[in-house]
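Notes for the structure review
Below are the chains, spelled out letter by letter.
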Amino acid sequence: MTLIPLPAFNDNYIWVLHDGRRALVVDPGESEGVLRWLGSQGITLDAILVTHHHGDHTGGVDALRQATGARVIGPAREVVPEPLERVSEGDTIELLGLRFEVMDVPGHTAGHIAYHCADVNGAPLLFCGDTLFSAGCGRLFEGTPQQMLASLDRLAVLPDDTRVCCTHEYTLSNLRFARAVDPDNADLQAHEQHCQSLRERNLPTLPSSIGLEKQINPFLRVRAPALSEAARRHAPETPSDALGVFTTLRAWKNVFQ
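Residues numbered from 1 in each chain as written. Predicted model: local features only at pLDDT ≥ 70, side-chain atom pairs only at ≥ 80, totals over all residues. Heavy atoms only, no water.

1. Regarding the overall build of the chain
Note the following rule: Segments assigned H or I by DSSP are reported as helices when at least four residues long, segments assigned E as strands when at least two residues long, and all are numbered from the N terminus. The quantity called the radius of gyration is restricted to C-alpha atoms. Its globule counterpart is 2.2 Å times the number of residues to the power 0.38. Relative accessibility under 20% of the residue-type maximum defines a buried residue, over 50% an exposed one, and the middle range a partly exposed one, all with a 1.4 Å probe and only protein chains included. Two residues form a contact once any of their heavy atoms are found within 4.5 Å. The Shrake-Rupley method, run with a 1.4 Å probe, gives the accessible areas here. Residue values count only the displayed protein chains as cover.
For the chain, the helix and strand inventory stands at nine helices and 14 strands. For 257 residues, the compact-globule estimate of 2.2 N^0.38 gives 18 Å, and the chain sits close to it at 18 Å. Overall size of the chain, expressed as C-alpha extent along the three principal axes, is 55 × 40 × 30 Å. The burial tally for the chain puts 56% of its 257 residues in the buried class. For the chain, the share of sequence-separated contacts (at least 6 apart) that also reach a separation of at least 24 residues comes to 57%. Counting every atom, the chain has about 10,700 Å² of accessible surface; 49% of that belongs to carbon and sulfur.

2. Digging into the packing of helix α5 (residues 171-181) against helix α6 (residues 186-200)
The line we're drawing: Under this scheme, a helix contributes an axis fitted over its contacting stretch, all axes are lines through C-alpha atoms, and angles between N-to-C directions fall in the 0 to 180 degree range. Throughout this description, any angle smaller than 35 degrees is read as roughly parallel, any larger than 145 degrees as roughly antiparallel, any in the 65 to 115 degree range as roughly perpendicular, and the remainder as oblique. By convention the crossing between two helices is left-handed if the near helix lies anticlockwise of the far one by an angle smaller than a right angle, and right-handed if it lies clockwise.
Running from amino to carboxyl end, α5 crosses α6 at an angle of 155°, the nearest separation of the two axes being 10 Å. Classified by the angle their axes make, α5 and α6 are roughly antiparallel. Relative to α6, the crossing made by α5 is left-handed. The residues of α6 that touch α5, namely those facing T171, L172, L175, R176, A178 and R179, are L188, H191, E192, C195, Q196 and R199.

3. Examining the environment of R21
Following the sequence through the fold, R21 ends up in the loop between β2 (12-18) and β3 (22-26). Spatially, the C-alpha atoms of R21 and Q147 are 39 Å apart, while their sequence positions differ by 126 residues. Residues contacting R21, with those up to four places away along its chain left out, are I43 and T44.

4. As for the pairing of strand β9 (residues 113-120)
What counts, and what does not: For two strands to count as paired, DSSP must find a minimum of two bridges between them.
The element β9 is extensively covered by neighbouring structure, given that six of its eight residues are classed as buried. The pairing of strand β8 (residues 98-104) with β9 spans five bridges and is antiparallel. The residue bridging F100 from the neighbouring strand is C117, located in β9. As defined by bridge partners, β9 adjoins strand β10 (residues 123-129) across four bridges and the pair is classed as antiparallel. Opposite H116, over in β10, you have L126 as the bridge partner. The turn linking β9 back onto β10 is made up of two residues, and N121 within it adopts a positive phi angle of 55°.

5. Some points on the pattern of salt bridges
What counts, and what does not: We define a salt bridge as a side-chain nitrogen of Lys or Arg found within 4 Å of a carboxyl oxygen belonging to Asp or Glu.
In this structure the tally under the stated criterion is 14 salt bridges. Notably, a salt bridge pairs D104 with R77, separated by 2.8 Å at the nearest N-O pair. Of this pair, D104 sits in strand β8 while R77 sits in the loop between β5 (71-75) and β6 (85-87); the two residues are 27 residues apart in sequence, bridging distant segments of the chain. Overall, R77 belongs to the exposed group, its relative accessible area being 53%.

6. As for unusual backbone geometry
Looking along the chain, the bond that leaves E82 and enters P83 is cis, with omega of -5°. The phi torsion at L96 lies on the positive side, around 55°, for a residue other than glycine. Mapped onto the secondary structure, L96 falls in the loop between β7 (92-95) and β8. Of note in the backbone geometry, A135 takes a positive phi value of approximately 65° without being a glycine. Residue placement: A135 occurs in the loop between β11 (132-133) and β12 (136-137).

7. Focus: helix α9 (residues 242-255)
Applicable threshold: A helix is expected to reach a length of 1.5 Å times the quantity of its residues less one.
Counted at 1.5 Å a residue, the expected span for α9 with its 14 residues is 20 Å, and the 21 Å between its end C-alpha atoms agrees. Where α9 is concerned, the buried positions are A242, G244, V245, F246, T248, L249, R250, W252 and K253. Buried positions along α9 lie against β12, α4 (145-156), α5 and α8 (225-234).

8. Some details on the sheet that holds β5
Strand order in this open sheet of six strands is β1-β2-β3-β4-β5-β6, and the pairing throughout is mixed. Where the open sheet ends on each side, the last strands, each with one partner, are β1 (2-8) and β6. The sheet shows a mean angle of 25° between the axes of neighbouring strands, taken without regard to direction. Pairing analysis gives three bridges linking β5 to β6, with the strands arranged parallel. Bridge pairing in β6 places P75 opposite V87. Its contacts with the sheet place helix α3 (residues 61-68) against β3, β4 (44-49) and β5, and it is angled at close to 150° to β4.

Keep in mind these values describe shape, not function.
Now the structure itself:
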């Protein structure tokens with residue numbers, strides 16, 4: 001299996017997983033680049049996976065379905081272009097000979113889902129949309145801090161070698177915030193240098209991994225004393241529990257320059 005992030009718009013990735021003959025794509029905000037790539041490779045599109053309803057993740061679904069006849073699979077509780085197979089927590093999908101499990105991960109949107117496969121080329125794979133980013137997490141457009149923290153906690157217990165395929169190249173921006181709130185984190189400093197080198201060569205910083213994110217991502221580290229102290233320095237009224245720290249950090253990130 002080959003995993004490819006196709007760039008779209010300013011900072012989106014449309015993930016493609018293929019075996020040389022057949023492919024699936026995740027969150028196609030546009031269709032042109034996908035169809036061009038499929039044609040250049042002589043690969044058939046079997047399925048389209050959607051994590052949530054935002055247009056930069058669904059804008060290409062109709063055109064791709066019409067051009068290829070691919071299955072469309074998406075969240076049970078969100079408005080996504082019909083027709084599609086609606087899935088939610090506990091459902092499984094067989095695609096390209098692989099078994100994907102569906103996880104409900106609300107927060108960014110109310111019905112956001114993720115797709116997890118336990119073994120692709122010897123390691124797990126996670127398509128998490130806009131729930132978890134490298135060194136960050138999605139804004140809370142529809143969900144609550146409690147929902148998002150619970151969703152992130154669920155993802156954090158996946159195996160450390162799980163590849164994290166989020167859908168935006170936000171890593172350097174997220175790392176600047178992470179460094180502001182966690183300045184003594186040597187893992188974070190080293191990873192920022194690595195990602196700067198990648199972007200200077202126009203290479204993606206993704207996929208990340210769950211193990212790496214637990215080292216560098218402030219939203220997965222809200223129980224660490226350094227993050228709790230940073231949150232209280234920023235907002236002295238911050239409760240000391242994980243939810244309080246997460247809520248302060250997410251609000252701080254919203255206005256961080």
